Amino acid sequence: MNPKEAYEKVFYLIEEHHRWFSSSLPLIASENITSCAVKEALISDFGHRYAEGWVGERVYAGTRYMDEVESIAMELAKHLYRVKFADVRPISGVVANLVIYTTFTSPGDVMMALPITKGGHISMGPLLGQKGNFIGGTAGAVRGLDVKYLAYRDEELNIDVDKTIERMEKYRPKLIMLGGSVILFPHPVKEISDAAKSLGAVVNYDAAHVAGLIAGGKFQDPLGEGADTMSMSTHKTLPGPQHGMVLTNDDEKFERIKKASFPGLLSNHHLNAVAALAVTLAEMLMFGREYASQVVKNAKSFAEALHDEGFNVPGEKKGFTRSHQVLLDVHEMGGGMKAEKLLEEANIIVNRNLLPWDVRRGRSFLDPGGIRMGVAEVTRLGMKEEDMKEVAKFVRMVLLDKEDPRTVAKKVVEFRKNFTRVRYVFETSDEAYKYIRLRMPS
Ligand SMILES: *Cc1c(COP(=O)(O)O)cnc(C)c1O
C-alpha cells in the first residue's frame, strides 16, 4: 500500500465506522459519546502542547491559557463531586489507579480488590506467573503489589462485608480498591472504610464506570460514605474525553497524589483532553442530574424487559440493577462469545463478560457465560424506558427467536433513525458559547 492509498484508506475506514455506529445500538457499558463542544476542545491546539507540572509551577513556557483551563477543570470537578481537591491530569483510568498505587503503597505491600471474575478491573489484578515476568494486572505485574481479594457474595452480586473484614484483619492491606467494571449495585463503602480506618488502610473507590451517575447524585457518594480517595475514567458514564481524574478531601494525601502524578507518572497530560474534560464537567453541572436519572431508569427498564422476554437476567431479587449496567447469563445459549458475535451482526454492540459463577461452571475469560450491556450512550441519544423495551425485543429476536441477525440489523437501522442527536448538552452552539466561550484558531 503506498502512502497516498494508506492515507485515503484511513479516512475511508473512519467514515465507514461512523456510518456503522450511527446505525447501531451502542451498548458497551464502558463507552459513551461526547457533545460537539467536547469534540471541538479535543481537536484544539492544546493537543500539540506540553505543560508538565502543576498550574503555577509549570516546567514549560507558553502555558498561560492552558493553565487557566486546567484551573477551571479542577474547580468544576470539585464543584460537581463536592470535594476539596481534584487532580485532572491522569490520562486514563488505569493511570489514575497507578497514581493511587504509587501514592499509598510500595512494591510488596498488600492491596485488596475484587478479582476480575467478580467485577474487578485488570488494573487491580495480581501478577500471574513468575516474578519479573510482567504478566498480569497493573497492581501486581507493574507496581509489584501482593493482591488479595475482597470476598464476594454471588447471590447478592456485591461484596461480602463480614468475610471481607475477616480477610482484611488477616492480610493487613495498605490499600483497598472498591468499585469495579461490573457494578450493578452500590458497594458497601461505609462498612469497609470503617474497618479500614482501624487497620490504617487507605480506601480508594474506582469510579471508572459510575462516575457520571455519582456526579448526577444517582448511585452512591463514595467520598461522603468514607472512602479516602476516588479514581476514575472520564469517558464511561461521565460523557467526556478518554482521560482520568483523582479526587479527595484530604489535603495531606492530595499533596502526595500530586507528586505521584508529576514527576511520577506523567509528562504530557493531554491538555486537549483536560480542556474537553472541563467542558464535560460544565455540561454535567447543567444536565447531569437529569441524564443520570434517565440512565438509571433506562437500565432498570431494559433489565425488566429482557427478563419479560425470557432471558436469564442476574440480580432479579435485588431489582436487577441500580447502575447503567445490565447483565445477561447466556451460558445455556452457547456463551458470551457466540452471543456477542450474533448481536454484532445485528448492529447491536455489546461485550462478553465473566459472571461471578462462571469459573465454577468451567468457563473462563476466553468464553465467559455472560454479556454486559450499558445504557449510558443510548440514553445520550435520547432513548427512554419505552425505547429500552424495543431494544430488548431486538436482542430477543437474535438470541431467543434465532432470527437471521442481518434481518434484525435492518430493523435496528430503521429504529436508530429516531435517535440521531446527542442530548443533555447545549442545543445550539450559541447557547453553548454563552457558557463555554471556546473559539478555534482561524
Ligand atoms: C475502565 C476501567 C478502568 C480503566 O480505565 P481506562 O480509562 O480505560 O484506563 C479502571 N478501573 C475500572 C473499574 C474500569 O472499569
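Reading the values: the criteria
- Residues numbered from 1 in each chain as written.
- Predicted model: local features only at pLDDT ≥ 70, side-chain atom pairs only at ≥ 80, totals over all residues.
- Heavy atoms only, no water.
- Pairing = 2+ DSSP bridges.
- Helix = DSSP H or I, 4+ residues; strand = E, 2+ residues; numbered from the N terminus.
- Axes fitted to C-alpha atoms, helices over the stretch in contact; angles between N-to-C directions.
- Contact = heavy atoms within 4.5 Å.
- Buried < 20%, exposed > 50% of the residue type's maximum accessible area, 1.4 Å probe, protein only.
- Polar contact = N/O pair within 3.5 Å; in protein donor to acceptor, adjacent residues only side chain to side chain.
- pLDDT = per-residue confidence, 0-100.
- Near = heavy atom within 4 Å.
- Areas by Shrake-Rupley, 256 points an atom, 1.4 Å probe, with all protein chains shown as cover.
- Nonpolar A, V, L, I, M, F, W, Y, C, P; charged D, E, K, R; others polar.

Q: Help me understand the sheet that holds strand β14 (residues 370-374) in this model?
A: Where strands meet in a sheet, backbone hydrogen bonds hold them as pairs that are either parallel or antiparallel. Reading across the sheet, the three strands line up as β11-β14-β13 and stay open at both edges, with antiparallel pairing between neighbours. Here the strands that pair on one side only, and so sit at the sheet edges, are β11 (325-329) and β13 (351-353). Neighbour to neighbour, the strand axes of the sheet diverge by 35° on average, direction disregarded. The sheet contact formed by β11 and β14 spans five bridges and is antiparallel. Along β14, the bridge assignment pairs Leu-327 with Arg-372. With respect to the sheet, helix α10 (residues 271-308) is in contact with β11 and β14, its orientation differing from that of β11 by roughly 15°.

Q: Would you mind going over the side chain of Asp-87 with me for this structure?
A: Within the secondary structure layout, Asp-87 lies in strand β2 (residues 85-87). The class for Asp-87 is buried, based on a relative accessible area of 0%. A distance of 2.9 Å separates polar atoms of two side chains, one belonging to Asp-87 and the other to Arg-89. Look past the residues within four positions of Asp-87 in its chain and what remains in contact with it is Trp-54, Met-245, Val-246, Phe-254, Ile-257, Lys-258 and Ser-261.

Q: So what exactly am I meant to see when it comes to the confidence of the model for the protein here?
A: A low pLDDT score tells you not to read the predicted coordinates there in detail. Put simply, the protein has an average pLDDT of 95, and 96% of its residues get 70 or more. Confidence drops under pLDDT 50 across residues 437-442; counting only partners more than four residues distant or on other chains, this segment forms eight contacts.

Q: It is not clear to me how the site of the ligand should be interpreted in this structure. Could you clarify?
A: Near the ligand lie 14 residues; those nearest to it are Gly-93, Ser-181, Asp-206, Ser-233 and Lys-236. Gly-93 is positioned such that a nitrogen or oxygen atom in its backbone is 2.7 Å from an oxygen atom of the ligand. Ser-233 is positioned with one of its side-chain polar atoms (N or O) 2.9 Å from an oxygen atom of the ligand. Taking 380 Å² as the accessible area of the ligand by itself, protein coverage stands at 87%. If one sorts the elements of the shell around the ligand by residue count, helix α4 (residues 93-104) sits on top with three residues. Among the residues forming the shell around the ligand, the class breakdown is two nonpolar, 10 polar and two charged.

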